[in-house]
Amino acid sequence: MSTNRVGDVLLLAVAVVWGSSYLTAKTLVVAGGVLVVLALRFLVSAAAMLPFLARHRPGRREIGVGLLLGVTQASVLALETYGVALTSATNAGVLISLTILLTPMLEGLVTRRWLPRSFFVAAAAATFGVVLLVAGPGFRTPSAGDALILAAAVVRAAHVTLSAHLTSGRPYDTTTLTTLQTVVGAVVFTLAAGPALLPAAATFHAGQWLGIVYLALGCSVFAFVVQLWAIRRTSASRASLLLGTEPVWAVIFGLLLAGDHLTLVSGTGMAFVLAGTYCGQRAESRARSASEPKILQIHRADTAQTGLSGVI
């Protein structure tokens, strides 16, 4: 199986895990509060990842990249969590799905290599599918929560783009960078939770702790490692498109576990998301296959030029 196929399967697995986490996260937030749940999630994640630092000592630049990605990742979660609390699920779902379109735009600006129009058409179709998927309750008047969700979409697109740009062609260790991200999240959210953390954690029963462990190991450790691994081998745009299927899996888990009902509009939305994702990843593959020989030729020309200058 090619790297593209493996990366696609793993990214879809991340989308499934994130989609399955909605019910768990909602229950835990009601019990302990947003900051407490985020702090516990990242403390467990950091504890699970710290042993990886023992086998690889990162350099100063690698530490800087890991800390920066940790700040952007923590910012996304904070903005998204508080935004959802202040707006409707419909508004939040539509606005966060704009990441599918924002990421290729940012990546194009950074790399100065634009994906073909067909990719953006497919991404727009997937975004439209999200609109249909979550449009059941209807839209609310724009609020402060919408601004936070929109900011979360922008920062998430920046996080994915930076993950690709700052690690491309560098011998950084993916697990080390992920460990640094979880450490940043643990420190930030533990400080934010403050004195409320320990008393709230003491009230959690075994089932709630299992939920925390699932969020930590599944939605953080597994998801962050796979996301960064795949981005470094494919592209930020492709990863964002595949991760954009998250609402589809959230709906499916709602149908299976929460007794939700699938409407014709929601079903049509799911079809648009999946079709847009499929067409978009094919367009990205063709574009990258066409550009790689050109990049290789430029690299060889640069190498030859450097060699000649050394002789002269």
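Thresholds, definitions, all that
- Residues numbered from 1 in each chain as written.
- Predicted model: local features only at pLDDT ≥ 70, side-chain atom pairs only at ≥ 80, totals over all residues.
- Heavy atoms only, no water.
- Salt bridge = Lys/Arg side-chain N within 4 Å of Asp/Glu carboxyl O.
- Helix = DSSP H or I, 4+ residues; strand = E, 2+ residues; numbered from the N terminus.
- Buried < 20%, exposed > 50% of the residue type's maximum accessible area, 1.4 Å probe, protein only.
- pLDDT = per-residue confidence, 0-100.
- Contact = heavy atoms within 4.5 Å.
- 1 Å grid on protein atoms, 1.4 Å probe; cavity = no way out; pocket = protein on both sides within 12 Å on 5 of 7 lines; lining within 4 Å.
- Points joined across faces, edges and corners; volume = space filled by probe spheres on them.
- Nonpolar A, V, L, I, M, F, W, Y, C, P; charged D, E, K, R; others polar.
- Phe/Tyr/Trp six-rings, centres within 6.5 Å; stacked < 30°, edge-to-face > 60°.
- Axes fitted to C-alpha atoms, helices over the stretch in contact; angles between N-to-C directions.
- Parallel < 35°, antiparallel > 145°, perpendicular 65-115°, else oblique.
- Left-handed = near helix turned anticlockwise from the far one by under 90°.
- Expected span 1.5 Å × (residues − 1).
- Core = buried A, V, L, I, M, F, W, Y, C linked by side-chain atoms within 4.5 Å.
- Polar contact = N/O pair within 3.5 Å; in protein donor to acceptor, adjacent residues only side chain to side chain.

(A) How the structure looks around the pattern of salt bridges. Per the counting criterion, the structure on display carries four salt bridges. D8 is the salt-bridge partner of R238, the closest N and O atoms lying 2.7 Å from each other. Remark: D8 occurs in helix α1 (residues 3-32) and R238 occurs in helix α12 (residues 236-243); sequence separation between them is 230 residues. Note on R238: relative accessible area 2%, which makes it buried. Between E80 and R156 there is a salt bridge whose closest N-O contact spans 3.1 Å. One end of the pair, E80, is in helix α4 (residues 60-86); the other, R156, is in helix α8 (residues 144-167), and 76 residues separate them in sequence. When sorted by exposure, E80 lands in the same class as R156, which is buried. Residues joined by salt bridges that share partners form a network here, namely D8, R238 and E284.

(B) Region of the structure containing the confidence of the model for the protein chain. Across the protein chain, the average pLDDT comes to 83, with 87% of residues at 70 or higher. Here helix α14 (residues 264-311) is the element of the protein chain with the lowest mean pLDDT, 66, and helix α9 (residues 174-193) is the one with the highest, 95. Under a pLDDT of 50 for its full length, residues 294-312 has, in the predicted model, one contact with residues more than four places off or in other chains.

(C) Here's a closer look at empty space enclosed by the protein. Under the definition given, this model contains one cavity of 30 Å³ or more. Estimated volume of the largest cavity: approximately 40 Å³. Taken together, Q73, H159, S163, Q181, F224, Q227, L228 and I231 form the lining of the largest cavity. Those elements giving two or more residues to the lining of the largest cavity turn out to be α8 and α11 (206-233). The leading source of residues in the lining of the largest cavity is α11, at four residues. Residue composition of the lining of the largest cavity, by class: three nonpolar, five polar and no charged.

(D) Spatial organisation of the side chain of S235. Take S235: it is sitting in the loop between α11 and α12. Contacts of S235, omitting those with residues within four sequence positions, involve E107, A230 and E284.

(E) Representation of the packing of aromatic side chains within the structure. Applying the stated rule across the entire model yields five aromatic pairs. Aromatic side chains F119 and F120 sit 6.0 Å apart centroid to centroid with 85 degrees between the ring planes, which places their arrangement in the edge-to-face category. The two residues F119 and F120 agree in class, both being buried.

(F) The environment of V131, seen in detail. Examined against the element boundaries, V131 turns out to sit in helix α7 (residues 117-134). Placed 142 residues apart in sequence, V131 and V273 show a C-alpha to C-alpha distance of 9.6 Å.

(G) Region of the structure containing the packing of α4 against α9. The interhelical angle for the contact between α4 and α9, taken along N-to-C directions, is 50 degrees, at an axis separation of 7 Å. Looking at the two axes, α4 sits oblique to α9. In this structure, the crossing between α4 and α9 has a hand that is right-handed. Taking contact as the criterion, the partners of E62, I63, V65, G66, L67, L69, G70, V71, Q73, A74, L77 and A78 in α4 are, on α9, T176, L177, L180, Q181, V184, G185 and F189. Looking at the contact of α4 with α9 residue by residue, the classes come out as 12 nonpolar, six polar and one charged.

(H) Spatial organisation of α9. Taking 1.5 Å of rise per residue, 20 residues should cover 28 Å, and α9 covers 28 Å from first to last C-alpha, within 8% of that figure. With 14 of 20 residues buried, α9 is to be regarded as a mostly interior element. Of the residues flanking the end of α9, it is G194, one or two places downstream, whose phi is positive at about 65 degrees.

(I) Looking closely at the nonpolar core. In terms of nonpolar packing, the biggest core is built from 36 residues, with W18, L40 and F189 touching the most fellow members. Taken together, the elements giving at least two residues each to this core come down to α1, α2 (34-49), α4, α8, α9, α10 (197-202), α11 and α12. Ignoring anything within four residues of it in the chain, the contact list for L40 reads L197, A201, F204, W209 and I212.

(J) Spatial organisation of the side chain of S45. Within the secondary structure, S45 sits in helix α2. At 2.7 Å, the side chain of S45 forms a polar contact with the backbone oxygen of R41. Apart from the residues lying within four places of it in its own chain, the contact partners of S45 are T182, A216, S220 and V221.

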